[in-house]
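# Fold and contact review
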There are 2 protein chains.
Amino acid sequence: MRDLSGPEQRLLTKLYEGLVGGQRASLAESITLVETQHPRKKELAQVLLQRVLAHRTVQEGRNGGKPVAFRVGLSGPPGAGKSSFIEVVGKMLTGRGHKVSVLAVDPSSCTTGGSLMGDKTRMTELSRDMNAFIRPSPTSGTLGGVTRTTNEAIVLCEGAGYDIVLVETVGVGQSEFAVADMVDMFVLLIPPAGGDELQGIKRGIIERADLVVVTKSDGDLLVPARRIQTEYTSALKLLRRQSKSWNPKVVRASSHTGEGIPEVWAELESYRDAMLASGELQGRRRAQQKVWMWSLIQENVLRHFQNHPSVREALPHLEERVTNGAISPGLAADLLLKDFASPSS
Amino acid sequence: MRDLSGPEQRLLTKLYEGLVGGQRASLAESITLVETQHPRKKELAQVLLQRVLAHRTVQEGRNGGKPVAFRVGLSGPPGAGKSSFIEVVGKMLTGRGHKVSVLAVDPSSCTTGGSLMGDKTRMTELSRDMNAFIRPSPTSGTLGGVTRTTNEAIVLCEGAGYDIVLVETVGVGQSEFAVADMVDMFVLLIPPAGGDELQGIKRGIIERADLVVVTKSDGDLLVPARRIQTEYTSALKLLRRQSKSWNPKVVRASSHTGEGIPEVWAELESYRDAMLASGELQGRRRAQQKVWMWSLIQENVLRHFQNHPSVREALPHLEERVTNGAISPGLAADLLLKDFASPSS
């Protein structure tokens with residue numbers, strides 16, 4: 001890249017110093033920088049990120065190699081009460097002296113711009129808390145782009161001293177899987193309801209959950225909540241374990257009465273301690289970094305393919321013939337790949 | 001491609017006529033041709049495949065658009081009794097006048113060559129049946145290569161008049177998902193055992209099952225088989241439905257006593273009839289063709305990337321730095337993609 005100009009250097013130094021000094025405005029501005037589509041600003045964002053990563057490496061070294069923050073993914077169908085849960089847990093944690101950041105992943109907001117206003121108004125108390133930082137989902141880009149930004153925002157939050165990073169997803173498209181791949185622990189929230197409500201849970205996502213929380217476990221919903229807990233406990237036994245040092249559990253909590261909330265967090269801490277002690281958490285992070293790099297490469301290389309002039313020309317017709325069963329997918333792939341390999345204008 | 005020579009034309013005509021005439025030797029030889037790594041033979045295989053596809057289109061037209069064959073994927077952990085089940089079901093079907101082909105997908109055989117001998121000796125009676133055709137997994141190639149070959153072998157079996165195509169997988173790696181993506185119905189076989197035995201079931205695969213069969217449901221295992229049936233029936237209720245016209249079920253059968261075998265097949269037929277009537281089966285096939293084309297493209301384009309000289313040079317060092325957390329996966333991907341886009345020697 002081109003060398004940094006004077007103003008650029010001053011901007012980066014100001015952002016970096018504000019960020020590691022724990023200023024929320026600098027953190028917000030830094031996240032805006034990693035979200036940008038502007039080519040030069042994107043380069044600056046990478047320089048900033050490298051500095052923050054170097055800072056983290058030093059901190060982790062002092063910490064005996066222990067991660068500076070605990071990254072938790074939270075997901076669940078609409079109506080599971082994600083915001084209320086995060087609000088109550090977040091307040092409890094800041095009350096205990098933690099610094100909590102909440103990031104959202106919502107690829108649907110790319111088209112609707114929907115969640116931009118949503119998050120802060122939903123978590124009214126937490127958003128006024130000086131030790132909490134809430135950031136809505138970026139409103140542009142592909143899922144790959146949004147998850148890249150979120151991954152980089154996690155690094156920035158950690159640099160700003162947030163020792164707990166909660167990543168919330170609305171469960172649209174593949175976003176839950178993307179979030180499960182960027183956190184230390186993946187928690188699935190489920191409302192005490194059966195049938196149609198549960199249809200909102202993505203296929204395969206239950207098996208990624210390290211903990212299932214049945215929410216709204218109070219009043220009239222206490223009985224159905226207990227039943228759901230029993231059902232999911234049995235179901236989880238039939239699924240393969242993800243980890244050698246942790247068995248996924250199903251617990252109940254009420255954000256309304258606060259009952260079960262400290263116990264839920266105690267489970268999260270047990271998980272973290274067990275996974276750190278066995279070294280699995282560190283190993284999972286290393287694997288995640290590689291997966292993330294390759295998924296970005298894959299997305300880009302495939303876009304490169306799809307934008308190739310000969311491919312663009314041949315694709316619609318070939319795709320139609322494949323769908324009709326007139327030619328085999330293998331032959332269609334061969335023909336398109338031949339087009340791709342040939343020199344383009 | 002180069003024009004066909006006289007001998008090549010005669011070979012293809014002989015293979016095609018033998019195949020549509022229902023000769024097993026021609027079918028076997030044709031599958032060997034689609035399995036080949038030889039560039040010219042690969043081209044010939046595609047010509048043959050195109051002729052067989054054209055033949056199928058004519059047949060389906062006569063058939064009112066109904067598929068010429070029912071494609072069923074069978075999977076399950078080691079010890080589920082897949083071979084005995086296929087042997088018993090296969091014999092029953094040929095006895096009813098069906099022509100049954102059995103294809104295996106086993107990417108592990110690419111390295112060990114293991115299943116080459118295995119399949120035929122396991123299904124001794126079926127392999128002697130004139131109305132059955134058993135083909136072991138190809139022993140070379142990537143999973144993508146093996147699934148391409150299997151997909152093309154399905155087309156050839158259908159051309160040879162086999163109206164039931166069973167695709168068996170040993171459940172190594174991602175092979176079960178690949179098989180679920182190439183069949184009309186995916187059946188999971190489960191032995192009546194709990195705990196460790198069930199660990200052999202791949203994460204996420206239960207949700208792909210259109211039918212779960214608890215095998216070995218006889219004698220001492222009858223009681224545990226009933227228990228497993230109840231547990232899986234409850235578990236399936238918690239998972240999302242794949243289809244609007246079918247609810248996955250859990251049934252029991254014994255290949256030893258034959259009990260439940262006709263009932264299992266009746267379930268498969270109900271599924272097929274319901275999915276055909278709603279048009280979902282035809283829609284699923286169209287979607288599968290596209291998925292298969294894109295997965296072949298993705299595999300090839302990514303290999304192209306990995307083989308690029310600059311990428312090969314830079315990758316090991318960058319990957320190490322990403323894993324260590326020294327640079328962000330996003331930056332590493334950017335750097336590698338820049339290498340890829342630059343002209344190579």
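Residues numbered from 1 in each chain as written. Chains lettered and ligands numbered in written order. Predicted model: local features only at pLDDT ≥ 70, side-chain atom pairs only at ≥ 80, totals over all residues. Heavy atoms only, no water.

Cut-off, in case you're wondering: UniProt positions are given in the numbering used here, feature names are shortened, and annotations may be inferred rather than shown by experiment.
As annotated in an unreviewed UniProt entry, chain A carries the name Putative methylmalonic aciduria type A protein mitochondrial and is attributed to Scophthalmus maximus. The annotation that UniProt attaches to chain A under Subunit (unreviewed entry) is "Homodimer. Interacts with MMUT (the apoenzyme form); the interaction is GTP dependent."

## Points about the sheet that holds strand β7 (residues 249-252) of chain A
Residues and elements named next belong to chain A. Note the following rule: In this analysis, strands are considered paired if DSSP registers two or more bridges between them. Secondary structure is summarised from DSSP: a helix means a run of H or I of at least four residues, a strand means a run of E of at least two, and numbering begins at the N terminus for each. Only the stretch in contact is used when fitting a helix axis, every axis being a line fitted to C-alpha atoms; angles between N-to-C directions are given from 0 to 180 degrees.
Pairing is parallel across the open sheet formed by seven strands, whose spatial order is β3-β2-β4-β1-β5-β6-β7. Each edge of the sheet is formed by a strand with only one pairing partner; in this case those strands are β3 (132-135) and β7. Direction aside, neighbouring strands of the sheet carry axes that sit 20 degrees apart on average. As judged from the four bridges shared by strand β1 (residues 70-75) and strand β5 (residues 185-190), these two strands associate in the parallel manner.

## Looking at the packing of aromatic side chains
Stated precisely, the cut-off is as follows: For this analysis, a ring pair means two rings from Phe, Tyr or Trp (six-membered ring only for Trp) whose centres lie within 6.5 Å, classed as stacked if their planes differ by under 30 degrees, edge-to-face if by over 60, and tilted for the remaining angles.
Tallied over the entire structure, the rule returns ten aromatic pairs over all chains. Ring centres of phenylalanine 133 of chain A and tyrosine 162 of chain A lie 6.1 Å apart, and the angle between their planes is 50 degrees; on these two criteria the pair is classed as tilted. Remark: tyrosine 162 of chain A occurs in the loop between α8 (143-159) and β4 (164-169) and phenylalanine 133 of chain A occurs in strand β3; sequence separation between them is 29 residues. Ring geometry for tryptophan 294 of chain A and phenylalanine 305 of chain B: centres 6.1 Å apart, planes at 85 degrees, overall edge-to-face.

## Here we look at the domain arrangement of chain A
For an interface, size is often stated in terms of accessible area lost upon the parts coming together. Inclusion rule: Where each domain starts and ends follows an automatic or database-derived domain assignment.
When the domains of chain A are assigned, the result is domain 1 (1-63), domain 2 (66-278) and domain 3 (294-341). The distance between the C-alpha centroids of domain 1 of chain A and domain 3 of chain A comes to 39 Å.

## Structural notes on the sheet that holds strand β1 (residues 70-75) of chain B
Residues and elements named next belong to chain B. This is how it is decided: When checking whether two residues touch, look at their non-hydrogen atoms; a contact exists if any pair is within 4.5 Å.
As summarised here, the arrangement of the seven strands in space is β3-β2-β4-β1-β5-β6-β7, forming an open sheet in which the pairing is parallel. Looking at which strands have only one partner, the edges of the open sheet turn out to be β3 (132-135) and β7 (249-252). For this sheet, the mean inter-axis angle between neighbouring strands, taken without regard to orientation, is 20 degrees. Of the strands in this sheet, β1, β2 (100-105), β3, β4 (164-169), β5 (185-190) and β6 (211-214) are in contact with helix α4 (residues 82-95), which crosses β4 at around 175 degrees.

## A few points about the confidence of the model for chain A
Should pLDDT be low for a region, the predicted coordinates there are not to be read in detail. Residues and elements named next belong to chain A. The following threshold applies: Per residue, pLDDT captures the predictor's confidence, and it can take any value from 0 to 100.
Here chain A averages 87 in pLDDT, while 90% of its residues score no lower than 70. Here residues 111-117 scores under 50 on pLDDT; set against residues more than four positions off or in separate chains, the count is eight contacts. For this predicted complex, the interface score ipTM comes out at 0.80, alongside a pTM of 0.80.

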